[in-house]
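What follows is each chain in one-letter form.
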Amino acid sequence: MTAELGHFALTLALGLSLMQCAVPFWGARAGDPVLMGLAAPVALSVFGLIALAFGALVVAHVGSDFSVLNVVENSHTTKPLLYKITGVWGNHEGSMLLWIVILAIFGALVALSDSLSLRLKTNALAVQAAITIAFLVFILFSSNPFERVDPAPAEGQDLNPVLQDLGLAIHPPLLYLGYVGFSMTFALAIAALIEGRIDAGWARAARPWALLAWCFLTLGIAMGSYWAYYELGWGGFWFWDPVENASLMPWLAGTALLHSIVVMEKRDALKVWTILLAILTFSLSLLGTFLVRSGVLTSVHAFAVDPARGTFILVILSVFIGGSLALFAWRAPLLRPGGIFAPISREGALILNNLLLASACATVFIGTLYPLALEAVAGAKISVGAPYYDLTFVPLIVPLLLVLPIGQALSWKRGDLLAVGQRLLAALAAALCVTLALIAWRSGGPVMAPIGVGLGAYLVLAAASEIWSRSHQPGRPLAVALRRARGLPLSAWGSAVAHGGVGLMVIGIAAQGWSTETIATARPGSAIEVGGYRVEFRDLGSRVGPNYREEVATLVIGGSSAPVAVVESGKRFFPARATTTTEAGIATLGLSQVYVSLGETYPDGSVGFRLYHKPLVLLIWIGALVMAAGGALSLADRRVRIGAAVRARPVSAAVPAE
Amino acid sequence: MALWCVMALMTGAAVMAVLWPLSRRGASLGPVEQDDLGFYRDQLLEIDREADRGLIAPAEAEAAKAEAGRRLLRAKGPARPLATTGEPALRRRRAAAALGLSVVPLVGLAVYGALGSPGLATRPSLDLAAGGSRTEIGALIAKVETHLAANPNDARGWDVIAPVYLRVGRFEDAARAFSAARRLAGDNPDRAAGYGEALVGAAGGVVSREATTAFEEAVKLDPGSARPRFYLAMAAEQDGKSDLARAEYERLVRSAPPQAPWLPVVEARLARFGGAPSGTQQQAAPARPEVAPEIRAMVDGLDARLRQGGGNADEWLRLVRSYAVLGERDAAADRLNQARLALAADGPATARLDGLAQELGLGQRGTSP
């Protein structure tokens, strides 16, 4: 009965979403606050119903209700409870339901937020309801998770073993929170276009949503990258795979959006561009969903295997992207353009940031979609990989990183480049020293690695110097500077921390130039050398998990004298799906890792191994975490939340040291 | 019944979510327009703060303040009129209420009526029964598996679990279990044939070289055993030796005891080669076990549902196979054609249908329409 109730909750949510879309919009046109007031409570009820449906699906999975097709196809009675729950979104139907749950969560948050005026909130919720309707129709008619089987089979087919992993439990919800979060800035942008009115107040209302979505997307991408790193056994952290690019594109556009919204809030400029970016960011999120969900990536022809599904998403895609861009073309000229400003200023630097980020996003877009277009037209299957991106993406990102600290230090309206240069001199000099020292120490190594690490160090030091120069005045004691640093607005800390996180990530990526790889076969008792470590293969055993059998090799990693770590690297065989997964053995030594992937087992008892030593590799993901933390700090800035003037005074009094 | 009650309650709550806000007064909803005044006042305060901190020079601060002030004046456009009271507002509210009362339950129930399976929910006894046997099998497998993990050399354990694996479709495990039992307790016809069958299942119905060897062992140990002989005939058929296969099938049918449950399957195979000898056919026909009415009802129910559309590949395959097992070859061939039409767009499903057609010997008729 639970499954049927969940199903009914979805159809009822469809009916309510129709109301949420039509009536408040009509109210906003007619200027009737009562009809406008309908949007918020209905959005909350839609959230309640969709959450109920999701809960029903979770119950069906946890209770192994094999009368539900989705459970049969993705669950198994012996599967551990955690993966019974995460299996809910480890498949197409369930993940689309999760998508829409998150959409409803954001709708409920908007409905509850008091920082938006009624008119803006109403229009935004109506646009959001339109998205909800499209996806509910898609779920109900082509990807229904509540489809039943009669008679129910005795056992399920189990979840794809690659997905039976904690990383995959967290990754999709985070990623979807990011993707769908940008639906809020999209809805606000469309609302502004409909009203033909946009100002700094809009930017202030939209900024928290953009920040929130951006934080989640950053975490989601980082989590996905770490999962691919340790679960797929390839030892890399980013493969320029279309699935990864699908999430990187909205991230790049979203990053640009985040910065242009700031310009709009502070300087009332870049309005039209910001609206366009808000539309593009969500469009890229939709495109990402389409690419991953339609099966178009495995092959353009796989798309035709389930034409209903793919065509459906394509229609949603064209309606929302085409519709919003058409609305933009029609209404944007009505928006009052912002003021003019000098090129050497914070806003000038942010425009450069936007240009570079947008171009980088375009290169990823071409690299992702060109092979698909070529396959569809000419039938040739090509893959665009790292060499392409090294030549296009990297040359756009490096200048961006170089001017980042300068833009961060420039003041609004009219900046003083010379003064900024003086302030950054220390950071630049220190970074140069780091680079030279590394070149001297690792002579003969790859050229780009020390330069990249130097660039990362420059970013981290510049972020620190930003805080220092804003709080320290020459001649004043250190204690005063510390107190002033504490008193700096959280958004200043947030931007410094996030930019420092970028630096950490750059260091981690650049240091991979020094990573070493060894492929070797070994018998128990023999040792392999990798990256200055002696890895001894101790033994090969087997054991039985809840729903898999495992072959595990135990290896001891030795330093110069004593052993420093013991790792287990295994292969798991899942009988229900007859699939094998690799479980890489990873030893974390400081910020570096030794990574052991188990290969073939030979009849004579020797075993093939792939070993990597990856210096400072953890910095890649730590950098992403720090970036997201910076975003969270900025989000927590009290000043952002001030909706009405009444609350402004006590809050500003709470900021000391000024 | 309980389902419909809860659904009615949910519908009522959803409608109330529309009606309740309509009964509120407009004034309680807070400011309708953006409060620009407040925003620019905040901005002026922030300029002061930044000036105090020395981030912008006093002159710059003055200019910035002047600009914020100018923007404030510009932003204060004419306020749009609000229509909270009066006759038109009342009519709009009534229209919205009528929409809420009709659209929400109608869309909800209509879409659910088209897609849902409320009937399935009201048969808890069947669900429970299925659940019971399922957990029993699951528990049995888990129990024996734990036992075997601790005592991997217990031949009896492997003997118990191997056929169970075979039945739940875990062919690779079944093959492993049978081969362990053969290794530990020596060969017997059942173990050898079971091993072969597991290999065939794992290979998706193809009788491999290794499976053939296993079946040959089984026949060597017990020449009268029908199962390995059937698979050997199938191997011959798959190798293209149709004469050999046909002869073996015929020999199987002739030697079969009249009540043998596998007889219809062999006859179905034989039918592909142009019909069984008439004598055996007549002899075998009454021997076919009576079909239990429940099974009949289940197959017909599935048939009726799939005819209405919306069946997936597994359901179609099950239906075709059911008719073949019931001996209704025309019905099976007919449903096979329907399945081909219904699943035309689904490549893998079509391949599976072809495989089934070949297995059941329905291939020649499959392409007729």
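On a predicted model such as this, the values are computed, not experimentally measured, just so you know. (Residues numbered from 1 in each chain as written. Chains lettered and ligands numbered in written order. Predicted model: local features only at pLDDT ≥ 70, side-chain atom pairs only at ≥ 80, totals over all residues. Heavy atoms only, no water.)

Draft legend 1. Layout of the sheet that holds strand S6 (residues 579-583) of chain A. Residues and elements named next belong to chain A. Strand order across the open sheet formed by 5 strands is S2-S3-S4-S5-S6, with antiparallel pairing between neighbours. Only two strands of the sheet have a single neighbouring strand rather than two, namely strand S2 (527-530) and S6. The mean inter-strand angle of the sheet, taken between neighbouring strand axes irrespective of direction, is 25°. As defined by bridge partners, strand S3 (residues 533-544) adjoins strand S4 (residues 549-558) across 10 bridges and the pair is classed as antiparallel. Bridge pairing links Glu536 to Val556 in S4. (Pairing = 2+ DSSP bridges. Helix = DSSP H or I, 4+ residues; strand = E, 2+ residues; numbered from the N terminus. Axes fitted to C-alpha atoms, helices over the stretch in contact; angles between N-to-C directions.)

Draft legend 2. Expanded view of the packing of helix H8 (residues 171-185) of chain B against helix H9 (residues 189-202) of chain B. Residues and elements named next belong to chain B. At their nearest, the axes of H8 and H9 sit 8 Å apart, and the two run at 155° to each other. Between H8 and H9, the interaxial angle falls into the category roughly antiparallel. Both H8 and H9 take part in a crossing whose hand is left-handed. Here H8 contributes Phe171, Glu172, Ala174, Ala175, Phe178, Ser179, Ala181, Arg182 and Ala185 to the contact with H9, which in turn contributes Asp190, Arg191, Ala192, Gly194, Tyr195, Ala198, Leu199, Gly201 and Ala202. Class assignment for the residues of the contact of H8 with H9 results in 11 nonpolar, 3 polar and 4 charged. (Parallel < 35°, antiparallel > 145°, perpendicular 65-115°, else oblique. Left-handed = near helix turned anticlockwise from the far one by under 90°. Contact = heavy atoms within 4.5 Å. Nonpolar A, V, L, I, M, F, W, Y, C, P; charged D, E, K, R; others polar.)

Draft legend 3. A look at the nonpolar core. If you look at the biggest cluster of nonpolar residues, it comprises 159 residues, and the most contacted ones within it are A:Leu10, A:Trp99, A:Phe135, A:Trp202, A:Leu252, A:Ile275 and A:Phe393. Per element, the largest residue contribution to this core is 16 residues, and it comes from helix H8 (residues 166-195) of chain A. With 39 residues, the next largest nonpolar core counts B:Ala174, B:Phe230, B:Ala235 and B:Tyr249 among its residues. (Core = buried A, V, L, I, M, F, W, Y, C linked by side-chain atoms within 4.5 Å. Buried < 20%, exposed > 50% of the residue type's maximum accessible area, 1.4 Å probe, protein only.)

Draft legend 4. Region of interest: the pattern of salt bridges. Residue and element names in this part refer to chain B. Summed over all chains, the structure comprises 22 salt bridges over all chains. The residue Asp159 makes a salt bridge to Arg191 at a minimum N-O spacing of 2.6 Å. Placement of the pair is Asp159 in helix H7 (residues 155-168) and Arg191 in helix H9, with a sequence separation of 32 residues. Note on Arg191: relative accessible area 11%, which makes it buried. The salt bridge partner of Arg335 is Asp334, with a shortest N-O separation of 2.6 Å. Residue Arg335 is classed as buried on the basis of its relative accessible area of 8%. What makes Asp334 partly exposed here is its relative accessible area of 33%. (Salt bridge = Lys/Arg side-chain N within 4 Å of Asp/Glu carboxyl O.)

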